[in-house]
Amino acid sequence: MAKKALITGITGQDGSYLAELLLGKGYEVHGLVRRASTFNRGRLDEIYSDPQLSETHLFLHYGDLTDGSLVRLLDRVQPEEIYNLGAQSHVRVSFDNPEYTSDVNATGSVRLLEAIRESGIKPRFYQASSSEMYGLVQEVPQTEKTPFYPRSPYAVSKVFAYWMTVNYREAYGLHATNGILFNHESPRRGKGFVTRKITRAVAHIQAGLQNKLYLGNLDAQRDWGYAKEYVEAMWLMLQQNQPDDYVVATGETHSVREFLEESFGYAGLDWKQYVELDPRYLRPSEVDLLIGDATKARRQLNWEPKTKFKDLVRLMVAADIQLLKDHREGRVKVTS
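My aim in this report is to walk through the structure given alongside it, one point at a time. What you see is a predicted model, and the numbers here were worked out from it, not measured in a lab. (Residues numbered from 1 in each chain as written. Predicted model: local features only at pLDDT ≥ 70, side-chain atom pairs only at ≥ 80, totals over all residues. Heavy atoms only, no water.)

1. A closer look at the overall build of the chain
Definition in use: Helix numbers and strand numbers start at the N terminus; a helix is a DSSP run of H or I with at least 4 residues, a strand a run of E with at least 2. Exposed residues in this analysis have more than 50% of their type's maximum accessible area, buried residues have under 20%, and partly exposed residues fall in between, with area computed by a 1.4 Å probe over protein chains only. Accessible surface area values rest on a Shrake-Rupley calculation with a 1.4 Å probe, where residue burial reflects the displayed protein chains alone.
A tally of helices and strands in the chain yields 12 helices and 13 strands. Counting the 336 residues in the chain, one finds 54% classified as buried. Of the roughly 15100 Å² of accessible surface on the chain, a fraction of 47% belongs to carbon and sulfur atoms.

Structural data, given as structure tokens:
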């Protein structure tokens, strides 16, 4: 009988890659989806392109981490693994809407943990934690033992969810694990995130459809990996006999400026001719440097990143150039 998994945030970048991974392993996958006025499942298109796979092994349920539907859903689905990827995940937006960010990311995680406890099921639980929790970093590189110093409402909400996951693990014996993932990107990254904003702009500038790209802090340094590889680390965490917390990272750091140079250079463009600073995109409190040490994940999970920074950037630019070409030729509707 197929193992069942529930994914919150299944329509997002990580959720869609994780769903594909689990379906490929023979899982029955259930996803929690917020009802919206627009169709927001474009990232699941590759799954839906295989009707036999999607119709027999993928099930979507309307619900939200901010409502009380979770206990009923768990009772109905009886998942053996739960991946809590649902979140308001944009750091800059969290400054504008800290209440909603906290309700979804922090209180939402408690609602899900409580639903697990009340339902009486014994699943393995994964909490999507974030490198943003380190904020004003206390050591370089950051490990599982590095103290947190969050610098945004988003990061604060993730610290809350992290410690709640640890608390439920210790108080109730829940197989609950935190994955502290550093920045991970892909062609499915949301258009509002700086990496995808850059790669889409390159495609549009090259095609003569855009003249300028407005960004905030170009000196911020991040540890960027490939999301498709990072979801495998999530799965590996829940295959361990004992729950634990893991950093998932490449161990390299690159600035936004470097990302610009690689992206525009791949298309034969000089980024300095197109990029301008817009103070609206600056954070009230900045995180200057993030770089993770994934030694524990390498040792205990036998996981390591494969895609290098330059290859990731080029992969994303090439995908956006192709996506725009397909759209202009009427082969695809640009939604992601």
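What follows continues from the structure just given.
2. Focus: the packing of aromatic side chains
Under the convention used in this document: Only rings of Phe, Tyr and Trp enter the pairing, Trp through its six-membered ring, and a pair is recorded when the two centres are within 6.5 Å. The plane angle decides the type: under 30 degrees is stacked, over 60 is edge-to-face, the rest tilted. In this analysis the charged atom, NZ for Lys or CZ for Arg, is taken to sit over a ring once it is within 6 Å of the ring centre and within 35 degrees of the ring normal.
Counted under the stated rule, the structure contains 12 aromatic pairs. Their ring planes at 15° and their centres at 6.0 Å tell us that Phe264 and Tyr274 sit as a pair that is stacked. Within this pair, whereas Phe264 is found in helix H10 (residues 256-266), its partner Tyr274 is found in the loop between H10 and strand E13 (275-277), the two being separated by 10 residues in sequence. For Phe264, a relative accessible area of 0% puts it in the buried group. One aromatic cluster is present, built from ring pairs that chain together Tyr134, Phe148, Tyr162, Trp163 and Phe182. The residue whose ring lies beneath Arg188 is Tyr17, and the NZ or CZ to ring-centre distance is 4.0 Å.

3. Some thoughts on the packing of helix H1 (residues 13-24) against helix H9 (residues 227-237)
Selection rule: Angles run from 0 to 180 degrees between N-to-C directions of axes, and those axes are lines fitted to C-alpha atoms, restricted for helices to the stretch in contact. In this scheme, a crossing is called left-handed if the near helix is turned counterclockwise away from the far one by less than a right angle; it is called right-handed if the turn is clockwise. Only heavy atoms matter for contacts: two residues are in contact if any of them lie within 4.5 Å across the pair. Each residue is assigned to one of three groups, with Ala, Val, Leu, Ile, Met, Phe, Trp, Tyr, Cys and Pro labelled nonpolar, Asp, Glu, Lys and Arg labelled charged, and all others, Gly among them, labelled polar.
Remark: H1 packs on H9, axes separated minimally by 9 Å, with the N-to-C direction vectors making an angle of 65°. Crossing hand, H1 versus H9: right-handed. On H9, the residues touching Gln13, Asp14, Tyr17, Leu18, Leu21 and Leu22 of H1 are Ala227, Lys228, Val231, Glu232, Met234 and Trp235. Among the residues making up the contact of H1 with H9, the classes are represented as eight nonpolar, one polar and three charged.

4. A look at the sheet that holds strand E6 (residues 175-181)
Rules: Paired strands, as defined in this entry, are two strands with at least two bridges between them according to DSSP.
Across the sheet, seven strands lie side by side as E3-E2-E1-E4-E5-E6-E11; this open sheet has parallel pairing. Of all strands in the sheet, those bounded by a partner on one side alone are strand E3 (58-62) and strand E11 (245-248). Within the sheet, the average angular offset between the axes of one strand and its neighbour, ignoring direction, is 20°. Direction of pairing for strand E5 (residues 124-130) relative to E6: parallel, over a ladder of seven bridges. What sits directly across from Gln127, in E6, is Asn178. Contacting strand E1 (4-8), strand E2 (28-33), E3 and strand E4 (81-84), H1 runs over the sheet at an angle of about 175° to E1. Relative to E6, helix H7 (residues 153-172) is tilted by about 150°, and along the sheet it contacts E5, E6 and E11.

5. Looking at unusual backbone geometry
It is generally the case that most residues other than glycine have a negative phi and that most peptide bonds are trans. Here the amide bond leading from Val140 into Pro141 is cis, since omega sits at -5°, within 30 degrees of zero. With phi around 60°, Asn302 is a residue other than glycine that occupies positive phi space. Structurally, Asn302 can be placed in the loop between helix H11 (295-301) and helix H12 (309-328).

Scope: geometric values only; no functional claims are made or implied.
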